[in-house]
Structures are given as structure tokens and as C-alpha cells.
Amino acid sequence: MGFTKPSVPPVEPDKVYDLPYLERIKVLSRYWAEEGFGSPKIFHVIYVLKLLFLYILGGYLVGSLTSGFSPLHPGEFWNEPVLYQKFVLWTVLLEVLGVAGSWGPLAGHFKPFTGGFRTYGRVDTIREPPWPGKVPLTDGDRRTPGDVALYVAIIVTLVLSLVLPSVDDAALTAHGFTGGRVAPWLMVVLGVLLIALGLRDKVVFLQARGEQYLPALVFFALYGAVDMIVALKLLIVIVWVGAGFSKFGKHFGMVVPPMVSNTPWVPLKAMKRINYRNYPDDLRPSHSGNLLAHVGGTLVEIVTPLVLLFSTDKTVTIVAAVLMICFHVFITSTFPLAVPLEWNVLFAFAAGFLFLGNPNWDGFGLADMTPWLLVLTAAALLFFPVLGNLRPDLVSFLPSMRQYAGNWASATWALAPGAEQRLNEKLVKPAPMVVDQVAELLGSRGAAELALYQVMGWRALHSQGRALNSILIDQLGEDLDHYAIREAEFMTNCIIGFNFGDGHLHDHRFIASIQKRCGFAPGEFIVAWIESQPVHKSYQRYVVIDAALGIVERGTYQVADAVAEQPWLPNGPIPLTVEWRLDGYERVRYPRTTAAGAGS
């Protein structure tokens, strides 16, 4: 990849649709294995500058100056609870505005880079209530002036929490802290507002990373000094261990090789190829790829946090904290898709603040927390991860703590020739559809189509990609070669301003919201959608959605069949077990309209 120019796959942009779809996947999955997305390095420089200056320096100056500390003497206050509180609040503010995670071109936001405030601050964009019809005052899918007012109120409350002076806390003073804490009443107001808006639109709640930061707000508001710090330790350990536990199974080994392939600082193609079994013929993970995933990932995320939680040995704790800091620095350096860079930096700091700045042996261990509150806190923090792993259909993968585990609800969209443009014409949304954004950036529609099929090559390197392509082969047959096949996560970004690998944000209800506005004819817009794998099952469930008719098929497939195949399915689609199909359903076909296929 160049500094200002992307690297280009070995396919002529204007002839993308001349290649059969699976041949595109073959070429582009092999290309990804060596080059990643091929993004120009200036993209990475932009992310680094944003991270260093907006997030780290900005957060440090806000946290120190508004708490009465001199930023020139960090050693005097780095372990003050109020500083950590303000770092968390600064992170939530940037997340809610849409300038932290899922920002910029590596998350599918090419022009503009930001989705958040452009969506949540705009009337008539689509909103997604988590339990419509069950929670009063949450029905509907249109953003109203009241929703926008709630959103603005959250931003105002966050700003007030950051800039208003902290309040004295005798218990913190007794432990030698001088900065006090953020006013608890502001944390109560912020928590109530976040829940209220989250019940109206789950997307805002998840973009704010409410599954992790809302518990922290509760601790900030209601817990005493020691209980607050120990509860924050419990929270981060459960996030770490939950993420580590979710990496058991067949999925995660397939996540790390393409992530490393997309890492800009890995200089040699050979260092990327080593993570695949036999490049270019066998792109399943190699022993080295699995070792990196399950030792460098799974083992570290489970064992090290538990050591931090229980250790009272200073040396052991320092080693464990440094290991977790390095773990998050490594993830940050790979620029994973959805780019949760700020989250990783915060967790790296938290490892030092919580376990070295306020260590277990200094009165902040589990035994120092109020016993009944310890039990209640642990049970509350474990509820959604346990439920989400047993019933992933009920809980987003984020509250389930399955971050970057490879076990995600996912989807692929198939649009008949000419149908995609209707999304631009009929929807109120924060940005043009992604193909139009990329076409403006690269200068041609053909180059944009090729770039989007690179993303499909990336998806096919994961277990879900093989299953999704198998479903589409079964549904579309030869039409697969000239329909526009799109990664649902990138498409959803353009419509609701955010996606973080969560297929629940573009499920059948979301497709129904699009259909209500766009009026696709039967067969014009087909979606293959799969749910995450329950921890105690060997299969995943899928549905097929025809936007005009709703769900038209339900079934399952064995995960083992998906991970055994190559991205381009040389042996044909994996076996699918159809459990239900809409009576009399036959997909309406749409022919190729030009030599360029659906992209024209």
C-alpha cells in the first residue's frame, strides 16, 4: 500500500462483474491474505493523529484541568478516581458523537467519516427500539424531535460532567485522594437519559458502549470509595474474561489471520502468509495462526485478568498489568475493522490505574468490598454475558462480551440491478450509500465496486462468510453473478450511522423499516442473515429475507462445515438444513441489464 494511494487487486475495475461471484471471492480473499484492505497509509496516520491529539491529549487536558490538577505533573494524580471517571466520560462523549469507535474509512465511513451525530441529531432517520410493543412509548421506527432532544440532553450532561468541579468525598480523602469525584447526581441523570434513549433506539445505546459504561456510571453515582474501585475492577475483568471465553470454539482462529493481514506495520507478506495453512490454496488458519489467536488472545484474556483480580503480589501484578497493556496496544496497532481504538487505549490505562494505582494489597481487593454488594455486582455484571452466550438471539454480542470473537450475527445483502440507488433516493440517512462514497473517493464506479468486493473477500475468510455465500448460492443461483452483493455492516453504517459487527442492528425488523420507505418489489432485495452460535450448540441459525415479503426461509447449518471450507467454496455450498419456507415462495428474478452488472 502507498501513502496516499491504495493498493489495487489484480482485477480490472470495469470488469468486476465479468468474473463469476465466487471467482471474485477467490481472487480477493487471496489478495486480502497478503495485502489486507490495501488502504493508503494516510488513513492510518489520520487515525493515529485523532487518537493522540483528540482522544489522549484532549482527554488528559480535560480530566486534569477540570479536576484542579496541573497537567505538567501527572505523577501526582494519575491514580485519582476522578481522573478515571473523566476519562470514561470523555470516551462516552466521543462515542456518542460518533468520532470514536466505528469512525472513518476502516469502518466503512468514507465520506463523511462520521455517522453518529449526523444520524441521532436528525429527525426522520431510522431508529431501532429493542423491544417495540413491549416497552411503553417506544413503538415506531422514525426518529422524532423528542429523540433528538434526548440525544442533545445526553451530550449536554456529559459536557457538564466533564467541566463542572468535582465534589468532595470524605471516604476518598481518607484514602489519600485529593480530587474528589464527579457529582453523583450528574451520573444519575446521565444514566437515566441513556436508558431512556436506549429504549427508544438501541443503536445509540450500543454506540455509547452502554453495556460497559452504564455499569460504571452506576458505580460512580452510588458506590462508596472502595466499593466503586473494586466494582470497576470486577467490570473490566468480566469484560476481559467474557471476551476470552467467547473465543473458545471454531470461529476465533479464523479472525486473527485476516486481522494480521490488514496490519499496516507487518512489513513482509511471508509474515502474513504464515498464518494461513497453505497460501494461496488453503486459507484456513495454520497452526501458527491458531497459536497466535488462542495463546496470544484467548489465554491472555482469561488468565491474566484473573491474576490481576486476585493477586496480592506486587511483582506478579505488575507483570500481569504490563501484559494487558501490551495486549491492548497490539490490538490498537492492527487497526481492526470497526477500529475500537479509543476503547483499547482506555482499557490499557485502566489496567494500570485499577491494578497498579489502586492495588489489591492497598485496601482495594475483593475482600475489601462490602460483601453483599460484591455478590450483587458480580451477579448483575454476569447476567447478560451468560444469557447472551446461551441465547444469542436475545442479547447483542456486545452485552454478551463477545468482542472480536468471530462468533457474530452477520448478513449479506443481494440487490438486483438498479435497486441499490433507491436507498439513496428514499431514505433519510447520514451519508450516501457506501458504493457512492467510495466512487467519489476513487474516481470511478468500477473501482468502488472492486473495493466493496474486497470486503466480501474479507468476510469469506471468516466462518460466517462461507455460510452466507452458501445461502446466497442456494437462493440466487446464477443471478449471484450479476446482483450487487454487499456486506451488510457497511451498508447499515450509511443508513443508521453506526455498526460494530452486530447483525442485530440489521435484522428483519430493520429490513422492514427500509422496505416501508423504499418499496422494493419481490426479489429485488434479498438478505441472508445468520445468528451467533449458542455456546452449547454445534450449529447456527439462518434466515432468508425478501424485503418485500419478510422472512421467507429459516434453517440451520453446522459450524464445522463452514470452517472446513475455503472462502471461495470450491466444493460447492455447505449443507443447509431448511426448517421452514414460506408456502409457495419462488424468488422473482431480475436479469443482467448491462455488461457491468448491478453496479451500473
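Residues numbered from 1 in each chain as written. Predicted model: local features only at pLDDT ≥ 70, side-chain atom pairs only at ≥ 80, totals over all residues. Heavy atoms only, no water.

Re empty space enclosed by the protein
Keep this limit in mind: Buried and open spaces are told apart on a 1 Å grid over the protein atoms alone, a cavity being a set of points where a 1.4 Å probe fits but cannot get out and a pocket being an open set with protein on both sides within 12 Å along at least five of seven lines. Residues with an atom within 4 Å of a point are the lining residues. Grid points are joined across faces, edges and corners, and a volume is the space filled by probe spheres set on the points. Helix and strand definitions follow DSSP, with helices as H or I runs of at least four residues and strands as E runs of at least two, each counted in order from the N terminus. Residues are grouped as follows: Ala, Val, Leu, Ile, Met, Phe, Trp, Tyr, Cys and Pro are nonpolar; Asp, Glu, Lys and Arg are charged; every other residue, Gly included, is polar.
Overall, the coordinates contain four cavities of 30 Å³ or more when judged by the stated rule. Lining the largest cavity are Tyr84, Val88, Gln212, Tyr213, Ala216, Leu232, Leu235, Ile236, Val239, Leu346, Phe347 and Ala350. At the level of elements, helix 3 (81-97), helix 9 (210-222), helix 10 (225-246) and helix 15 (341-357) are the ones that each hand at least two residues to the lining of the largest cavity. For the lining of the largest cavity, the element with the highest residue contribution is helix 10, accounting for four residues. Each residue belonging to the lining of the largest cavity can be placed in one class, and the counts come to 11 nonpolar, one polar and no charged.

Some words on the packing of helix 13 (residues 287-310) against helix 14 (residues 314-333)
The axes of two packed helices give the description: the angle between them and the distance between them. Definition in use: Only the stretch in contact is used when a helix axis is fitted, and all axes are lines through C-alpha atoms; the angle between N-to-C directions ranges over 0 to 180 degrees. By convention the crossing between two helices is left-handed if the near helix lies anticlockwise of the far one by an angle smaller than a right angle, and right-handed if it lies clockwise. Only heavy atoms matter for contacts: two residues are in contact if any of them lie within 4.5 Å across the pair.
Where helix 13 contacts helix 14, the two axes come as close as 10 Å, and the packing angle between them is 145 degrees. The element helix 13 and its partner helix 14 pack so that their crossing is left-handed. Facing Gly296, Gly297, Val300, Glu301, Thr304, Pro305, Val307 and Leu308 of helix 13, the residues of helix 14 in contact are Val316, Thr317, Ala320, Ala321, Leu323, Met324 and Phe327. In terms of residue class, the contact of helix 13 with helix 14 is built from 10 nonpolar, four polar and one charged.

Considering the layout of surface pockets
Rolling a probe over the atoms, with the probe sized like a water molecule, indicates the empty space that remains. Here the second largest pocket is characterised by a volume of approximately 630 Å³. If you trace the second largest pocket, you find 38 residues lining it, with Met259, Ile331, Pro336, Gln403 and Tyr404 closest to the centre. Counting residues per element, the ones that place at least two in the lining of the second largest pocket are helix 11 (256-261), helix 13, helix 14, helix 15, helix 19 (445-460) and helix 21 (488-496). Broken down by class, the residue content of the lining of the second largest pocket amounts to 25 nonpolar, seven polar and six charged.

Some details on a nonpolar patch on the surface
Definition in use: Patch building starts from residues that exceed 30% relative accessible area and form no salt bridge, then joins like charges within 9 Å and nonpolar side chains (Val, Leu, Ile, Met, Phe, Trp, Tyr) within 5 Å. Computed with a 1.4 Å probe, the accessible areas rest on the Shrake-Rupley method; for each residue, only the protein chains presented here act as cover. Salt bridges are identified by distance alone: a Lys or Arg side-chain nitrogen within 4 Å of an Asp or Glu carboxyl oxygen.
Taken together, Phe3, Val45, Val48, Leu49, Leu52, Phe53, Ile56, Leu57, Leu61 and Leu65 make up a surface patch of nonpolar side chains, about 850 Å² in accessible area. Mapping Phe53 onto the fold places it in helix 2 (residues 41-65).

Thoughts on the pattern of salt bridges
Heads up, the condition is: Residue exposure (1.4 Å probe, protein chains only): buried if accessible area is under 20% of the type maximum, exposed if over 50%, otherwise partly exposed.
Following the criterion strictly, the structure yields 31 salt bridges and no others. A salt bridge links Arg517 to Asp141; the nearest nitrogen and oxygen atoms lie 3.1 Å apart. Of this pair, Arg517 sits in helix 22 (residues 508-518) while Asp141 is found in the loop between helix 4 (116-120) and helix 5 (145-163), placing the two residues 376 residues apart along the sequence. A salt bridge links Glu553 to Arg581; its shortest N-O distance comes to 2.4 Å. With a gap of 28 residues between them, Glu553 in strand 7 (residues 550-558) and Arg581 in strand 8 (residues 577-581) connect regions that are remote in the sequence. Assessed through its relative accessible area of 2%, Glu553 is described here as buried. Of the residues examined, Arg581 reaches a relative accessible area of 34% and is grouped as partly exposed. Salt bridges linked by common partners bring Glu420, Asp436, Arg445, Glu449 and Arg486 together as one network.

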